[in-house]
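# Structural features, examined
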Amino acid sequence: MLEVRNVSAAYGRIEAVRDVSLAVNQGEIVVMVGRNGAGKTTTLKTICGLLRPAQGHIFYEGKDITGLPSYEIARLGLNLIPEGRQIFADQTVWDNLNLGLNSRRLKGAEIQRKLDYCFNLFPRLKQRTKQLAGTLSGGEQQMLAVSRALMQGPRLLVLDEPSLGLAPIIVTEIMQAIWELRAAENITILLVEQMRYALQIADRAYVLKTGQVVWEGSGADALNSVEVEEAYLGKRKVINDPLSSN
Ligand SMILES: Nc1ncnc2c1ncn2[C@@H]1O[C@H](COP(=O)(O)OP(=O)(O)OP(=O)(O)O)[C@@H](O)[C@H]1O
Ligand SMILES: [Mg+2]
């Protein structure tokens, strides 16, 4: 469904990603992990047309989308939930959801179906439609960001660290929702995360380090890989703690 082929991208003269290749097959959940500054966001921005690659090509559903403007890519059903959510803080939940619709011409019944779907996925949002988005909790804001993207009717949903700054219990809820989206709506997922939780829902994973893909494999292999965990997701807990009773 998506193929990133030998893509390099830079900010001015600073190269941020180099010769990155990755693929997402229809129906997959693919997770990209890597430390701060590894180039995860840059890769996603390049895929979604927010940054033009210096080299390489991006294919989506068989079409070369390299260099297309982001709004055209979004219209093709490739939608990004950016780092930091970027909801409209001074607008209500309801207005934020409807802004998601602006890029698509949907009929009333379809709009209602999508709203119902979002509220079913995140019942908390339904009780807060009139609340200003900026006053939602961090977790609720992420639920809104996901819902707003869903209103655009994505076929490939790209999420940049949705769990950032959220409590583990909310992260689990968001990961569960992403899992359900794939199952119920047949939405393919490309997810950037730095946390282990994400690997638990991944079919496949890529590890990015200083702008390059340094590991790829199944989600299960990533979870079991000491290399992935230690090098890219932080150190394992010390098991033989001398202060503990065992
Ligand atoms: N607008 C920019 N101008 C110049 N350099 C940038 C810009 N955005 C990112 N970079 C640099 O590009 C590199 C990759 O950044 P990127 O944001 O892609 O990393 P990341 O993997 O998403 O990190 P994080 O986990 O902190 O979000 C970093 O060295 C960063 O400093
Ligand atoms: Mg980032």
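This is a predicted model, so every value here is computed, not measured. (Residues numbered from 1 in each chain as written. Chains lettered and ligands numbered in written order. Predicted model: local features only at pLDDT ≥ 70, side-chain atom pairs only at ≥ 80, totals over all residues. Heavy atoms only, no water.)

### Quick look at unusual backbone geometry
Backbone geometry at E61 places phi at a positive 45°, although glycine is not the residue there. With respect to the helices, strands and loops of the structure, E61 is situated in the loop between β4 (55–60) and β5 (63–64). Its identity is not glycine, yet E161 carries a phi of approximately 45°, on the positive side. Within the fold, E161 resides in the loop between β7 (156–160) and α7 (168–185). (Helix = DSSP H or I, 4+ residues; strand = E, 2+ residues; numbered from the N terminus.)

### Examining the sheet that holds strand β9 (residues 204–209)
Here we have six strands laid out as an open sheet, ordered β6-β7-β8-β3-β9-β10, and mixed in their pairing. Both edges of this open sheet fall to β6 (78–81) and β10 (212–218), since each of them pairs with a single strand only. The mean angle between the axes of side-by-side strands here comes to 15°, regardless of whether they run parallel or antiparallel. In this structure, β7 lies alongside strand β8 (residues 188–192), joined through five bridges in parallel fashion. Note on β8: the bridge partner recorded for L157 is I189. (Pairing = 2+ DSSP bridges. Axes fitted to C-alpha atoms, helices over the stretch in contact; angles between N-to-C directions.)

### With respect to the packing of helix α6 (residues 138–151) against α7
Remark: α6 packs on α7, axes separated minimally by 10 Å, with the N-to-C direction vectors making an angle of 15°. By the angle between their axes, α6 is roughly parallel relative to α7. Here α6 runs over α7; the crossing is right-handed. Where α6 abuts α7, its residues G139, Q142, M143, V146 and L150 lie against I170, E173, I174 and L181. Among the residues forming the contact of α6 with α7, the class breakdown is six nonpolar, two polar and one charged. (Parallel < 35°, antiparallel > 145°, perpendicular 65-115°, else oblique. Left-handed = near helix turned anticlockwise from the far one by under 90°. Contact = heavy atoms within 4.5 Å. Nonpolar A, V, L, I, M, F, W, Y, C, P; charged D, E, K, R; others polar.)

### Some points on helix α1 (residues 40–47)
Of all the eight residues making up α1, seven are buried; the element is thus mostly covered by neighbouring parts of the structure. When we look at burial in α1, the residues that qualify are K40, T41, T42, T43, L44, T46 and I47. Just beyond α1, the residue with positive phi is G49, at close to 85°. (Buried < 20%, exposed > 50% of the residue type's maximum accessible area, 1.4 Å probe, protein only.)

### Focus on the site of ligand 1
Taken together, 13 residues lie around ligand 1, and G37, K40, T41, T42 and E83 are the ones closest in. Within the side chain of E83, an N or O atom sits 2.5 Å from an oxygen atom of ligand 1. Taking E161, its side chain carries an N or O atom lying 3.1 Å from an oxygen atom of ligand 1. Considering ligand 1 on its own, with 640 Å² of exposed area, one finds that the protein chains cover 63% of that surface. With three residues, α1 is the largest single contributor of residues to the shell around ligand 1. (Near = heavy atom within 4 Å. Polar contact = N/O pair within 3.5 Å; in protein donor to acceptor, adjacent residues only side chain to side chain. Areas by Shrake-Rupley, 256 points an atom, 1.4 Å probe, with all protein chains shown as cover.)

### Section: the domain arrangement of the chain
Parsing the chain into structural domains produces domain 1 (1–77 + 154–246) and domain 2 (88–153). The partner domain 2 presents 16 residues to the 18 residues of domain 1 that form the contact. Together, P154, I174 and E185 form the three largest contributors to the area buried by domain 1 at its contact with domain 2, with a combined 31%. For R113, the salt bridge identified is with E185, shortest N-O distance 3.4 Å. For the interface between domain 1 and domain 2, the tally reads two residue pairs in polar contact (both at pLDDT 80 or more). Ranked by the residues each element gives to the side of domain 1 that touches domain 2, the list is headed by α7, at eight residues. Grouping the constituent residues of the side of domain 1 that touches domain 2 by class yields 12 nonpolar, one polar and five charged. (Domains from an automatic or database assignment. Buried area = accessible area lost by both parts, 1.4 Å probe. Salt bridge = Lys/Arg side-chain N within 4 Å of Asp/Glu carboxyl O.)

### Here we look at the pairing of β10
Across six bridges, β9 lies against β10 in antiparallel orientation. Residue Y206 lies in a different strand from β10, and its bridge partner there is E216. In sequence, β9 turns back onto β10 through a hairpin of two residues, with T210 there showing a positive phi of about 35°.

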